[in-house]
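Structure at a glance
Spelled out from the first residue to the last, the chains are:
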Amino acid sequence: MQKHTQLKKAVFPVAGLGTRFLPATKAQPKEMLPVVDKPLIQYAVEEAYSAGIRHMIFVTGRNKRAIEDHFDTAYELENELEVAKKLKLLEVLRSVQPKDLHFSYVRQARSLGLGHAVLCAEHLVGDEPFAVLLADDLMVGPPGGLSVLGQMAEQFNVLGESILAVQEVPAEQTQRYGIVAGETVRDGLIKVSAMVEKPAPEVAPSRMAVAGRYILTPGVFDQLRHQNKGAGGEIQLTDGIAGLMQHQGVYAFQYQGKRYDCGSKEGFLEATVELALNHHEVGGYFRNYLENLQIGWSGKERRVNKLTPVVYQD
Ligand code: UTP
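Remember, predicted model here, so these are calculated numbers, not experimental data.

Side note on the overall build of the protein
Helix and strand counts for the protein stand at eleven helices and 13 strands. At 21 Å, the protein has a C-alpha radius of gyration in line with the 20 Å of a compact globule built from 314 residues. Seen through its principal axes, the protein has C-alpha atoms that stretch 55 × 55 × 45 Å. Considering only contacts within the protein whose residues lie at least 6 apart along the sequence, 74% involve residues at least 24 apart.

A look at the site of the ligand
The ligand sits among 17 residues. The nearest are Leu 17, Thr 19, Arg 20, Lys 30 and Gln 108. Contacts to the ligand include Gly 18, whose backbone N or O atom sits 3.1 Å from an oxygen atom. When the free accessible area of the ligand is taken as 580 Å², the share hidden by the protein chains comes to 81%. Each residue belonging to the shell around the ligand can be placed in one class, and the counts come to seven nonpolar, six polar and four charged.

Focus on helix α9 (residues 237-244)
In terms of burial, α9 is largely enclosed, as six of its eight residues are buried. Those residues of α9 lying buried are Leu 237, Thr 238, Gly 240, Ile 241, Gly 243 and Leu 244. Summarising the contacts, the buried residues of α9 are in contact with α5 (114-119), β8 (162-168), β10 (189-197), β11 (208-216), α8 (219-225) and β12 (250-254).

Some thoughts on the packing of helix α3 (residues 75-83) against helix α4 (residues 87-95)
The relative placement of two packed helices comes down to the angle between their axes together with the axis-to-axis distance. It is the contact of α3 with α4, at a shortest axis distance of 9 Å, that shows an interaxial angle of 155°. One element, α3, and the other, α4, form an angle in the roughly antiparallel class. Along this stretch, α3 crosses α4, giving a crossing that reads as left-handed. Along the contact surface, α3 presents Leu 77, Glu 78, Leu 81 and Glu 82, while α4 presents Leu 89, Leu 90, Leu 93 and Arg 94.

Details of the environment of Glu 78
Here Glu 78 shows up in helix α3. A relative accessible area of 11% means that Glu 78 is categorised as buried. Residues within four places of Glu 78 in sequence aside, it is in contact with Thr 73, Leu 90, Leu 93 and Arg 94.

Some remarks on the nonpolar core
Core analysis: the biggest nonpolar cluster contains 35 residues, and Phe 12, Ile 41, Met 56, Phe 58 and Leu 149 have the highest contact counts within it. The set of elements that each furnish at least two residues to this core consists of β1 (9-13), α1 (40-50), β4 (55-60), β6 (130-133), α7 (148-159), β8, β11 and β12. Excluding anything up to four places from it in sequence, Phe 58 contacts Phe 12, Val 14, Ile 41, Val 45, Ile 67, Phe 71, Phe 103, Ser 104, Tyr 105 and Val 106.

Some words on the environment of Glu 197
Structurally, Glu 197 is set in strand β10. Remark: the alpha-carbon pair of Glu 197 and Ala 231, spanning 34 residues in sequence, is separated by 7.9 Å. Setting aside chain neighbours within four positions, we find Glu 197 in contact with Tyr 177, Gly 178 and Thr 238. In this structure the side chain of Glu 197 is engaged in a polar contact, spanning 3.2 Å, whose partner is the side chain of Lys 198. There is a polar contact of 2.6 Å between the side chain of Glu 197 and the side chain of Thr 238.

Overview of the packing of aromatic side chains
Under the defined criterion, the tally for this structure stands at nine aromatic pairs. Measuring from centroid to centroid gives 5.9 Å for Phe 58 and Phe 103, while their planes differ by 25°, and the two rings are stacked. Placement of Phe 58 in strand β4 and of Phe 103 in strand β5 (residues 102-107) is noted, with a sequence separation of 45 residues between them. The buried category is assigned to Phe 58, whose relative accessible area is 0%. The positively charged end of Lys 38 is found above the aromatic ring belonging to Tyr 43, 4.7 Å away from the centroid. Above the face of the Tyr 49 ring, Arg 54 is positioned so that its terminal group lies 3.6 Å from the ring centre.

Describing the side chain of Thr 217
Structurally, Thr 217 can be placed in the loop between β11 and α8. Residue Thr 217 is classed as buried on the basis of its relative accessible area of 9%. A polar contact is formed between the side chain of Thr 217 and the side chain of Gln 248, at a distance of 2.6 Å. Once residues within four sequence positions are removed from consideration, Thr 217 is found in contact with Pro 129, Phe 130, Gly 160, Glu 161, Ser 162, Leu 244 and Gln 248.

Focus: the side chain of Ser 264
Along the chain, Ser 264 falls in the loop between β13 (258-261) and α10 (265-277). On the basis of relative accessibility, which here comes to 14%, the residue Ser 264 falls in the buried class. Of the polar contacts made by the side chain of Ser 264, one reaches the backbone nitrogen of Gly 267; its length is 3.1 Å. With near-sequence residues (within four places) excluded, Ser 264 lies in contact with Arg 20 and Phe 21.

Here is what the cut-offs are and how they apply
- Residues numbered from 1 in each chain as written.
- Predicted model: local features only at pLDDT ≥ 70, side-chain atom pairs only at ≥ 80, totals over all residues.
- Heavy atoms only, no water.
- Helix = DSSP H or I, 4+ residues; strand = E, 2+ residues; numbered from the N terminus.
- Rg over C-alpha atoms; globule rule 2.2 N^0.38 Å.
- Contact = heavy atoms within 4.5 Å.
- Near = heavy atom within 4 Å.
- Polar contact = N/O pair within 3.5 Å; in protein donor to acceptor, adjacent residues only side chain to side chain.
- Areas by Shrake-Rupley, 256 points an atom, 1.4 Å probe, with all protein chains shown as cover.
- Nonpolar A, V, L, I, M, F, W, Y, C, P; charged D, E, K, R; others polar.
- Buried < 20%, exposed > 50% of the residue type's maximum accessible area, 1.4 Å probe, protein only.
- Axes fitted to C-alpha atoms, helices over the stretch in contact; angles between N-to-C directions.
- Parallel < 35°, antiparallel > 145°, perpendicular 65-115°, else oblique.
- Left-handed = near helix turned anticlockwise from the far one by under 90°.
- Core = buried A, V, L, I, M, F, W, Y, C linked by side-chain atoms within 4.5 Å.
- Phe/Tyr/Trp six-rings, centres within 6.5 Å; stacked < 30°, edge-to-face > 60°.
- Lys NZ or Arg CZ within 6 Å of the ring centre and 35° of its normal.

None of the figures reported here should be taken as evidence of function without further support.
What follows is the structure, encoded as structure tokens:
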């Protein structure tokens, strides 16, 4: 674990509506959807912890109470497990909330955009650099290596300026991401001179796409505060960073590891399959299950073993 980071605080904007996951997200936050046995938000908090950060700031909204409860002490449950001598489970439960971890919560009353959500945390962040983690991007570092935010914190300790996580995407996918361009400082590090939100492949300045991890200097708050609505009528974080770039250096860092876009069903399924295959408890079973799975394609219908889910019918 990396301990000597200058970063102390992480902001988790979790006030989005999660419409791509309805109806699952009708009454629960998408950040609480589990990949195997852990909610998405816990993967992100553990990543921040591994980068040496101990103060976690959540920007929440309606229907997000479950996130607060998840990181709170569950006295009754702990007591039950203690009495039943289920000590392993007790350990799992307590590991969610290490003693040196602090949580703060602030509400974003309306979903006015990611930039606006980050601005809501200004009074809790204060005048210091901070990380932003979008929990629906589940990031897995290389085996035995630093987490993605850990790698970025290491870069930040040297550069002292804002850093965005980027990955190269196929040309046909530039329209889904913020795309950066600039001067390559060294392998895997670009000094950003342009940022474009969701460009068509023919006008994209590069194929370097921003993933949901940022380390930002507090100057970004000034930009966000005075900023007009951008794409989709929302206060965009990308626009705030583009403004910051006029005054300070902003770097794009090509991290080692893999990103799963768990805000989309496809990415969520990929994460579930790949993390399940590597899971210490169920990995062996699941690999065997997949190897023996008979996938029965019947004409144009894509049905596994011809099982059909139950749905309400008139
Ligand atoms: P998304 O673009 O994924 O939006 O937000 P969403 O509302 O969560 O999901 P869909 O598209 O409706 O399915 C990216 C991140 O920014 C946060 C979200 O919680 C997510 O982590 N966000 C977005 C806010 O906190 N507030 C906002 O106003 C918008």
